[in-house]
Every structure is written in structure tokens, then in C-alpha cells.
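Observations on chain architecture
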Amino acid sequence: MSDGVAARAAAARTLDEVLHRGRSLKSALAGGLPALDDARDRALVEAIVLTALRQRARCNAALDGWMARPLGRRDGALRALLLVGLAQLELGLPAHAALAATVDAARALGRTHQAGMVNALLRRAQREGLPPAAPEAVWPAWLARQVHTDWPQQAEAIFAESANTPPLWLRVNRRWITRDDYLVLLADAGIAAQPCPELADALRLETALPVAQLPGFDAGLVSVQDGAAQAVADALAPPAGARMLDACAAPGGKASHLAEREGSLRITALDVDARRVRRMQEAFTRLRLEIDARVADATRPDAWWDGAPFDAILIDAPCSATGIVRRQPDVLLHRRAEDIAALCATQARLLDALWPLLAPGGTLVYATCSLLRAENALQVEAFLARTPDAACVPLDARFGIDTGSGHQRFPGQQGRDGFFCARLRKT
Ligand SMILES: C[S@@+](CC[C@H](N)C(=O)[O-])C[C@H]1O[C@@H](n2cnc3c(N)ncnc32)[C@H](O)[C@@H]1O
């Protein structure tokens, strides 16, 4: 196979697994990409699959309106291939090459009998563009209802923004280079970037590119991290020399940021998932940071805590990920209503188990990338009600709207992800 046909076929297989076989996007990409030798093909597959998932509402509207016979449950592979074709037109790839490669991919996938139909449908999309469709249509009904209930004013914007392609945010490792000097390295490499005035280490690139193309990536000069996540270091702001716990730390984005900002911090970074801890250790090595990384269940301190209180604790809790649908559009396919109660129970256990480990006067930041009040403000409110020595200390408007029990940001605001963050002080 040549001329990108293998990439289109791989994209169709990946999409089929995510859409119809319950596989997560991350694991489907990890399974499919290594078979492609060319890094450009791998980047193309990722871009096509992400665009198809983000634009699923409009792609579905095209298929529903244009197919002579509605696609059924057994037409998953064909649906995936058609979405791959439509996504390429949305991405603005040269239409002739995209169409030809997708039709060839139909043959390569054993669908020669459908190649003519694929060609005709994609030609129509090329002529007419995708029809409009409400982005909310691809949200599970229970979740869309909850977003409307929690954020009646913002719901429409949340659905619309969640279908957009996010910018690429970088975090410059100020331990080894200033942001201004890194901007010069980027300019020399022909990469345009904007510094974010509110976030001291953040740069924003409008166009995504593979990390291997970022100057000094392997030498640890820079990491990829959304602007909303970078604000957490400002919310916690541990003093120099503080003993700090990052309880849910992998893959280590926020722990590294804190260590880059203040070399004297003594950070313990825990995570319950051994594979993710290995990735976190690799990140610390690349960034040349010394952080004590351990596999441990943060809700069971008796198994790992030495009894010395922490001055600062970060709980970046496992959550519904409803604020990062732009980056992980498969959240809408795989999240179940019953997950929310289980996640809320884990979040409450983390708060209750770790609060006694905080020194008097110490600060705990509770953060999620969720939009749901149950995981965010209501979680913090309930914690404050049962914890007499805890007080919520408001942050400023940079952290989003003040719910009274923490601050909420919505996806797309200033290009950042949806995020929640509450700063709690032990009185
Ligand atoms: C939102 S992610 C953390 C992201 C990380 N803070 C960063 O900035 O890169 C949540 C993490 O919590 C971990 N986790 C879930 N339950 C845990 C527990 N009981 N103890 C420790 N880690 C846990 C998950 O494995 C996952 O890596």
C-alpha cells in the first residue's frame, strides 16, 4: 500500500474499534499506530480519528441524510471508513488525494464492492460540505441533561467548544531555560507561539505538532500541558522547602511543574497505577527532576505514610473528564451514568484520607478536569460540612467563576480545558 492508503485503512480500523467495540481512543491508537513506519502517517491517523470523533454529530448528519439505505449495526466498519473520508475534508487535506486514498483503503479493507458508494458520498461532501448538526447530539442523554442542569447559561457553549480542536499548550521548564529564550528556539525552528500573560511558563501554539519537532524536548526543556492544568501550581503555590504530596500524580504533569518552579520542594508523587507511575518516572528523568515517585493507593496512608505532616497536598482526582472532551472525545462514547457515583465516592475517600496528613496552616488543592457539580463544588461543600478544621480560600478570577466552594473553568475559555480547582486551608 502506498500514498497514504495504509494510514486511511489504519484510521478506519482505529475508529471502528473506538466507535463500535468499546475500546478507548488511547488504547486503539497505541494498538494501531506502531504498524505505520512513517511518523507523518502516524500523525495523520491521529488527526483523522480525532477530527472524526469531534465532528461526529455533523458526520452522522451527512450519513443519515445522504445514504440511500440507513447504516445498520453490522455496517460499523463501513461507517468508520466513511467518517475517515469526511474527517479528511474537514481537516482541509487536498480533496483529490484524500478521496482517492480513502477509496483505495476501502479496497484494502476488503470492501471493493462498496468503493463506488464511498467515492460518491465523499464527492457529495466535497461539493456541499458537511450539514450543520447540534454538537449536543453526540453527548449521552443523561450527561447532556446533567450539563444543562449544572450550567444552564453555559451549556450550549460547552457542547460547541467540546467539538473544537484545542490549541497545543507548552510548559517551558524554567529550571533549564527562560520562556523568552525558548521562544527564540521556537522561532529559529520556524514554529510560531504566543506567551500567555497569566501563566508564567505557558506558550500557546495554534497548530499541533509532534513533540519530537519541539526544540529541546528530549533534553527536558519543554512539556505539553494545557493552560488550565498549568494554573494549578499557582493555586497551590507551596512555599520554598515545603514537604509536598501529589496524591494522584501520574503521568506527572503538575508535580513536574511544581518542581520546575521551585527546586527546594520535597515532593512525594503517588499513583495507584503502576504503568502510569513508570511513565511518570520517565517524564521526571527527561525533565531532569528529582521527585520521589511511588506506586501507592493514596486512600490508604497507613501503607506508605511515614507520619511526618505535609505542608501542601495536591489531589488531582480521577474524574469524569467532561472538561477535556476536546482532547479525549471518546469520553462521550465510554462514560456511563453509574461511573459518576463511583468517581464521587473515590474523590470523597481521597479527601477524607489525606486531610489528616496536612500540617495545621497547610494548603490542600482539590482539582478535577470535570464540569459536573457533583464532582466539584458539591464534593467540596460536603467535605467542608464534615471537616470542621477545613476552610475554602477563594482564588482570583484567573481560576474561573467562583462557585463558593472552588472555581470552575469551561472548555475553550482562553483556549484552555474545562477545569475545577478549590484551595482548602487547615485552620
Ligand atoms: C487526573 S489523573 C492525574 C493527572 C496528574 N496529576 C498530572 O498532572 O499529570 C488522576 C490519577 O489518579 C490516579 N488514582 C486514582 N485513584 C487513586 C488512588 N486511590 N491513589 C492514588 N492515585 C489514584 C489515577 O491512576 C490517575 O493517574
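Just so we're clear, the structure is a prediction, and the values are computed from it rather than from any experiment. (Residues numbered from 1 in each chain as written. Predicted model: local features only at pLDDT ≥ 70, side-chain atom pairs only at ≥ 80, totals over all residues. Heavy atoms only, no water.)

**Remarks on the site of the ligand**
Taken together, 19 residues lie near the ligand, and G253, D271, R276, D297 and D316 sit nearest. Here G253 contributes a backbone N or O atom positioned 2.8 Å from an oxygen atom of the ligand. One of the side-chain nitrogen or oxygen atoms of D297 is found 2.9 Å away from a nitrogen atom of the ligand. For the ligand, whose unbound accessible area comes to 610 Å², protein coverage reaches 85%. For the shell around the ligand, the per-class residue count stands at 10 nonpolar, three polar and six charged. (Near = heavy atom within 4 Å. Polar contact = N/O pair within 3.5 Å; in protein donor to acceptor, adjacent residues only side chain to side chain. Areas by Shrake-Rupley, 256 points an atom, 1.4 Å probe, with all protein chains shown as cover. Nonpolar A, V, L, I, M, F, W, Y, C, P; charged D, E, K, R; others polar.)

**Thoughts on helix α1 (residues 5–20)**
Spanning 16 residues, α1 covers 22 Å between terminal C-alpha atoms, matching the ideal 22 Å at 1.5 Å per step. All of the buried residues in α1 are V5, A7, R8, A9, A10, A11, A12, T14, L15, D16, V18 and L19. Where α1 is buried, its residues meet α2 (25–32), α3 (39–54), α4 (56–66), α5 (76–90), α6 (95–108) and α15 (331–334). Backbone geometry just downstream of α1 places G22 in the positive-phi region, at approximately 70°. (Helix = DSSP H or I, 4+ residues; strand = E, 2+ residues; numbered from the N terminus. Expected span 1.5 Å × (residues − 1). Buried < 20%, exposed > 50% of the residue type's maximum accessible area, 1.4 Å probe, protein only. Contact = heavy atoms within 4.5 Å.)

**Some details on the nonpolar core**
Counting residues in each nonpolar core, the largest one holds 57 residues, and the members touching the most others are W139, M280 and I291. Residues from two domains meet in this core; each of domain 2 (168–224) and domain 3 (235–426) gives at least three. Beyond its immediate chain neighbours, meaning those up to four positions away, W139 contacts A144, V147, I158, F159, S162, T322, V325 and L332. By size, the runner-up hydrophobic cluster in this structure holds 47 residues, among which are L63, V84, A101 and L333. (Core = buried A, V, L, I, M, F, W, Y, C linked by side-chain atoms within 4.5 Å. Domains from an automatic or database assignment.)

**Observations concerning the side chain of R409**
By the element assignment, R409 lies in strand β12 (residues 407–409). A polar atom in the side chain of R409 sits 2.8 Å from the backbone oxygen of R398. Here Q413 takes part through its backbone oxygen, which lies 3.2 Å from a polar atom of the side chain of R409. Apart from residues no more than four positions distant in its own chain, R409 is found in contact with A228, L371, R398, F399, G400, Q414, R416, D417, G418 and F419.

**Structural notes on unusual backbone geometry**
That bond from A250 to P251 is cis: its omega, 5°, falls within 30 degrees of zero. Along the chain, P251 turns up in the loop between β5 (243–246) and α13 (253–261). Unusually for a residue other than glycine, R288 sits at a positive phi of about 60°. Considering the arrangement of structural elements, one finds R288 in the loop between α14 (274–287) and β7 (292–295). In this structure R288 comes out as partly exposed when scored by relative accessible area, which is 42%.

**Examining the domain arrangement of the protein chain**
When its domains are assigned, the protein chain resolves into domain 1 (5–133), domain 2 (168–224) and domain 3 (235–426). Here the C-alpha centre of domain 2 lies 32 Å away from the C-alpha centre of domain 1.

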